[in-house]
Amino acid sequence: KVSLKNVRYTRVEPAVFSAVLQALVRGRQLAFTYAPATSGESRRRQVDPLHLLVYMGNWHLIAWCCERRAVRDFLLSRMQAAEVLAAAAEHHAGAEKIGEKIEQRYGIFFDGPAQQVVLRFSPAGARRVRDQVWFPGQTLRERPDGSLLLEFPVADLREVVRDILPFGADVEALQPPGLRRLFA
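Notes on the structure in this doc start here. (Residues numbered from 1 in each chain as written. Predicted model: local features only at pLDDT ≥ 70, side-chain atom pairs only at ≥ 80, totals over all residues. Heavy atoms only, no water.)

### Regarding the side chain of Ser 122
As a reminder, the rule being used: The helix and strand labels rest on DSSP assignments: H or I over at least four residues marks a helix, E over at least two residues marks a strand, and numbering proceeds from the N terminus. Using a 1.4 Å probe on the protein chains alone, a residue whose accessible area is under 20% of its type maximum counts as buried, one over 50% counts as exposed, and one in between counts as partly exposed. Identification of polar contacts relies on pairs of N or O atoms within 3.5 Å, with a donor-acceptor requirement for protein atoms, meaning one able to donate a hydrogen and the other able to accept it, and with residues adjacent in sequence counted only if both atoms are side-chain atoms. Contacts were defined at the residue level, with two residues in contact if any of their heavy atoms lie within 4.5 Å.
Within the fold, Ser 122 resides in the loop between β6 (115-121) and α3 (123-129). Judged by relative accessible area, Ser 122 falls into the buried class, the value being 12%. A distance of 2.8 Å separates the side chain of Ser 122 from the side chain of Asp 170, its partner in a polar contact. The contact partners of Ser 122, leaving out residues within four places of it in the chain, are Gly 146, Ser 147 and Asp 170.

And the structure:
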């Protein structure tokens, strides 16, 4: 009598999921072949796993990439031949705060300074948005004309742009200026 239907998610090989989880829990390095969406070239990666995140039905590993020497986001569905290595994962400055950063910013992008997004929805758009939670710490303000102001913090505007486009003329980006310029 109750269903949960998850759509537009990507499949993860059980062996990959198991290796990622083991490496994360045991504090070990992880090696895998990765096929990024931006190129057709699969590459071998070695990482220090930091945080496992399921976002919109897709599993992400936030990890320190030994090759790039930076924190990166890896989709588990793009991993192949994952193996837990004997080497211990290193402790990286700020790694313990990744979960906190994820919770403090809208969407999947969490790195970088927070920018406050302010969107004004027309009365028609407000009827569609009023009961939605875009971000747990969002602020909704009803306006006398029936419009609605929605505010939340982001670290990157790309995802916000994608999410407001379907509202067309029923939304106006008020802040930050970079977002406002995109829709002017």
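### What about the sheet that holds strand β4 (residues 70-75)?
Basically, it comes down to this: Strands qualify as paired when DSSP identifies two bridges or more between them. Note on definitions: angles span 0 to 180 degrees between N-to-C directions of axes, and those axes are lines fitted to C-alpha atoms, for helices only across the stretch in contact.
The sheet built from five strands is open, its strands ordered β4-β3-β2-β1-β5 with antiparallel pairing. Two strands bound the open sheet, and with one partner strand each, they are β4 and β5 (79-88). Taking each pair of neighbouring strands and ignoring which way they run, the sheet shows an average axis angle of 45°. In the packing of helix α1 (residues 14-26) onto the sheet, contacts are made with β1 (28-34), β2 (43-55), β3 (58-65) and β5, and the angle to β5 comes to roughly 20°.

### A look at unusual backbone geometry
Residue Pro 176 is reached from Gln 175 by a cis peptide bond, and omega for that bond is -10°. Note on placement: Pro 176 falls in the loop between β9 (171-175) and α5 (177-182). Here the phi dihedral of Met 56 falls at roughly 50°; this positive angle occurs in a residue that is not glycine. With respect to the helices and strands, the residue Met 56 is situated in the loop between β2 and β3. Met 56 gets classed as exposed once you look at its relative accessible area, which sits at 51%.

### So, the pairing of β3
Along β3, seven of the eight residues are buried, which leaves the element largely enclosed by surrounding structure. As judged from the eight bridges shared by β2 and β3, these two strands associate in the antiparallel manner. Each residue of the ladder has a partner; that of His 51, found in β3, is Ile 62. Linking β2 to β3, which pair antiparallel, is a turn of two residues; within it Met 56 sits at a positive phi near 50°. Two strands pair when backbone bridges link them, and β3 and β4 are joined in this way by six bridges, in the antiparallel orientation. If you follow Trp 64 over to β4, its bridge partner there is Val 71. Counted between consecutive antiparallel strands, the loop separating β3 from β4 contains four residues, among which Arg 69 sits at a positive phi close to 55°.

### Remarks on the nonpolar core
Rule in force here: Grouping buried Ala, Val, Leu, Ile, Met, Phe, Trp, Tyr and Cys residues that are joined through side-chain atoms within 4.5 Å yields what is termed a nonpolar core.
Judged by nonpolar contacts, the single largest core of 20 residues is most densely connected at Val 117, Leu 119, Phe 121, Trp 134, Phe 152, Val 160 and Leu 179. When contributions to this core are tallied by element, the ones reaching two or more residues are β6, α3, β8 (148-154), α4 (158-164) and β9. Per-element accounting of this core gives the leading share, four residues, to β8.

### Some words on the sheet that holds β9
Pairing is antiparallel across the open sheet formed by four strands, whose spatial order is β7-β8-β6-β9. Bordering the open sheet on either side are β7 (139-142) and β9, each of which pairs with just one other strand. For this sheet, the mean angle separating the axes of adjacent strands, direction not counted, is 25°. Bridge analysis of β6 against β9 gives four bridges, and the strand direction is antiparallel. Bridge pairing links Leu 119 to Ala 173 in β9.

### Describing the pattern of salt bridges
Our working rule: Salt bridges are defined by distance alone: a side-chain nitrogen of Lys or Arg within 4 Å of a carboxyl oxygen of Asp or Glu.
Evaluation of the coordinates by the stated rule reveals 10 salt bridges. Across the pair Glu 67 and Arg 43 runs a salt bridge, and its minimum N-O distance is 2.5 Å. Pair noted here: Glu 67 is in the loop between β3 and β4 and Arg 43 is in strand β2, with a separation of 24 residues, a long-range link. What makes Glu 67 partly exposed here is its relative accessible area of 39%. The partner of Glu 83 in a salt bridge is Arg 44, and the shortest N-O contact between them spans 2.5 Å. Residue Glu 83 is found in strand β5, and its partner Arg 44 is found in strand β2; the two are separated by 39 residues along the sequence. The partly exposed category is assigned to Glu 83, whose relative accessible area is 39%. In the salt-bridge network here, residues are joined through shared partners; they are Arg 43, Arg 45 and Glu 67.

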